[in-house]
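Single-letter residue listing:
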Amino acid sequence: MSNRFDDHLAEIARVINNVLEQLLPDANCPEQRVLEAMHYAVMGGGKRIRPFLVLASSRLFNVSEVSALRTAAAIEMIHCYSLVHDDLPAMDNSDLRRGQPTLHKKFDEATAILAGDALLTLAFEILAHPETHSDSQVRSELIISMAKASGAAGMVGGQMLDLQAEKDSSLDIGSIIRLQRLKTGAIIAFACESGAILGHAPQAARQALHAYAHNLGLAFQIADDLLDTEGDQDTVGKSVGRDAVAGKATFVSILGVERARTQAYLLARQAKNYLEPFGEKAHLLQAMADFVVKRRH
């Protein structure tokens, strides 16, 4: 199952990469430097987990492929913009991302900021376009949901809490859960729920996907914390051990390695339980829950 899932994840990444290439603007123009930086940020690798979640949830409700792919691409652009800004000297000050120099190292800080801003804006442009969905109400709901997930009540707010966590190692587990629910979980939740929005799904189905995503996002972050503690830079593709050096409160620093790993697997099982109403159609989402806690990079 693992090898088959890995192959499926790689295939979806290939398809998404093709769509991203089509949607990114042509760099042959006077402002080409920022456009080249956008390409560098988006096309530099990555497992495309969030687009995978969009496509897997869309298949539950027979959403058209074009709608699902465009929505998936928009969410990946949001994710890539967040990584660019997260790596900046004012944030994590990282030199390596996906095994390559971070964007501000490859270009410069100003270009990195502008490229991130441009990706954020382009993502909303894609969702607003009629090609994403013929129903303007659906497009509007997608835009509102993505704005909430990526703004101060979501990813941006979580990043603010994350910066504060670097200065306060006394945070308790409840504070860390809130931090990660916003920083990582909000976009993951939107990725899962977007298929339900595109497919006019009933509220019960949307709530089930939200609950799945909540547990998946926490399991994903615990696995990330474990990689930062136990992984090596060449395998993970980015700097590791930074949280411990900074004295930052994380799931691992509070729970310890073994308890954190146990909690991640528990969350993955709970996430899969929420998918029971969808039966066999949710097998890809179930497999993703296993993947996020077993990954090594």
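In this report, we go over the structure that sits alongside the text. (Residues numbered from 1 in each chain as written. Predicted model: local features only at pLDDT ≥ 70, side-chain atom pairs only at ≥ 80, totals over all residues. Heavy atoms only, no water.)

1. Focus: the packing of helix α4 (residues 65-86) against helix α8 (residues 155-165)
Counted only if it meets this: Angles shown run from 0 to 180 degrees and are taken between the N-to-C directions of axes, each axis being a line fitted to C-alpha atoms and, for helices, limited to the stretch in contact. Secondary structure is summarised from DSSP: a helix means a run of H or I of at least four residues, a strand means a run of E of at least two, and numbering begins at the N terminus for each. Here is the rule for angles: anything less than 35 degrees is roughly parallel, anything more than 145 is roughly antiparallel, 65 through 115 is roughly perpendicular, and the remaining ranges are oblique. Two helices that cross are described as forming a left-handed crossing if the nearer one is turned anticlockwise from the farther one by less than a right angle, and a right-handed crossing if clockwise. Should any heavy atoms of two residues lie within 4.5 Å, those residues are considered in contact. Side-chain classes follow a simple rule in which Ala, Val, Leu, Ile, Met, Phe, Trp, Tyr, Cys and Pro form the nonpolar group, Asp, Glu, Lys and Arg form the charged group, and the remainder, Gly included, forms the polar group.
At a closest axis distance of 12 Å, the pairing of α4 and α8 adopts a crossing angle of 25°. Comparing the axis directions of α4 and α8 gives the class roughly parallel. With respect to the hand of their crossing, α4 and α8 are arranged in right-handed fashion. Contact with α4, carried on its side by Ile78, Tyr81, Ser82 and Asp86, involves Met155, Val156 and Gln159 of α8 and no other residues of that element. Here the contact of α4 with α8 is built from residues that sort into four nonpolar, two polar and one charged.

2. Topic: helix α15 (residues 283-294)
Two residues of an α-helix separated by three or four positions point the same way, owing to the 3.6 residues in each turn. Applicable threshold: In this scheme, a helix's expected span is set at 1.5 Å multiplied by one less than its residue total. We call a residue buried when its accessible area falls under 20% of the maximum for its residue type, exposed when it is over 50%, and partly exposed in between, using a 1.4 Å probe and counting protein chains only.
The terminal C-alpha atoms of α15 lie 17 Å apart, and with twelve residues this matches the ideal 16 Å at 1.5 Å per residue to within 8%. Residues of α15 that are buried include every one of Leu284, Leu285, Ala287, Met288, Ala289, Phe291, Val292 and Val293, and no others.

3. As for the pattern of salt bridges
What counts is decided by this rule: For salt bridges, the criterion is a side-chain nitrogen of Lys or Arg within 4 Å of an Asp or Glu carboxyl oxygen.
All told, the structure shown has 14 salt bridges when counted by the stated rule. Across the pair glutamate 141 and arginine 206 runs a salt bridge whose closest N-O atoms are separated by 2.7 Å. Taken together, the positions of glutamate 141 in helix α7 (residues 136-150) and arginine 206 in helix α10 (residues 203-230) put the pair 65 residues apart, joining distant regions of the chain. Assessed through its relative accessible area of 29%, glutamate 141 is described here as partly exposed. Take arginine 206: its relative accessible area is 16%, and that puts it in the buried class. One network of salt bridges, in which partners are shared, links Arg48, Glu76 and Arg98.

4. Structural notes on the packing of α4 against α7
Viewed as axis vectors pointing N to C, α4 and α7 meet at an angle of 20°, and their least axial separation amounts to 12 Å. It follows from the interaxial angle that α4 and α7 lie roughly parallel. For the pair α4 and α7, the crossing hand works out as right-handed. Residues Thr71, Ala74, Ile75 and Ile78 of α4 pack against Leu142, Met146 and Ser150 of α7. Classifying every residue of the contact of α4 with α7 by side-chain character gives five nonpolar, two polar and no charged.

5. A closer look at the nonpolar core
Applied cut-off: Here, the term nonpolar core denotes a set of buried Ala, Val, Leu, Ile, Met, Phe, Trp, Tyr and Cys residues that are joined through side-chain atoms within 4.5 Å.
Core analysis: the biggest nonpolar cluster contains 93 residues, and Leu53, Phe61, Met77, Leu119, Tyr212, Phe278 and Met288 have the highest contact counts within it. Not counting the four nearest positions on each side in its chain, methionine 77 is found in contact with Leu20, Leu23, Leu24, Leu119, Leu122, Ala123 and Ile126.

6. Topic: the packing of aromatic side chains
We apply this condition: Working definition: rings of Phe, Tyr and Trp (its six-membered ring) pair if their centres are within 6.5 Å, and the pair is stacked with planes under 30 degrees apart, edge-to-face with planes over 60 apart, and tilted otherwise.
For the structure shown, the criterion picks out four aromatic pairs. Ring geometry for phenylalanine 5 and phenylalanine 52: centres 5.4 Å apart, planes at 70°, overall edge-to-face. Remark: phenylalanine 52 occurs in helix α3 (residues 49-59) and phenylalanine 5 occurs in helix α1 (residues 2-23); sequence separation between them is 47 residues. Classification of phenylalanine 5 by relative accessible area gives buried; the value is 4%.

7. A short note on α7
Filter applied, for reference: What the arc measures is the spread of directions leading from the helix axis to the C-beta atoms.
Over its 15 residues, α7 runs 21 Å from end to end, which matches the ideal 21 Å to within 8%, given 1.5 Å per residue. Residues of α7 that are buried include every one of Val138, Arg139, Leu142, Met146, Ala149 and Ser150, and no others. Looking straight down α7, one finds its buried side chains confined to an arc of 100°; they lie on one side. Exposed residues lying more than 90 degrees from the buried face of α7 are Gln137 and Lys148.

8. A closer look at unusual backbone geometry
Here arginine 48, not a glycine, exhibits a phi torsion of approximately 60°, which is positive. Relative to the helices and strands, arginine 48 is located in the loop between α2 (32-42) and α3. Of note, asparagine 62 is a non-glycine position whose phi angle comes to about 55°, a positive value. Here asparagine 62 shows up in the loop between α3 and α4.

9. Comments concerning the side chain of arginine 50
We count it as follows: We score Asp and Glu as negative and Lys and Arg as positive, and we do not count His or the chain ends.
Here arginine 50 is to be found in helix α3. Comment: no salt bridge for buried arginine 50; closest opposite-charge side chain is glutamate 76, at 5.3 Å.

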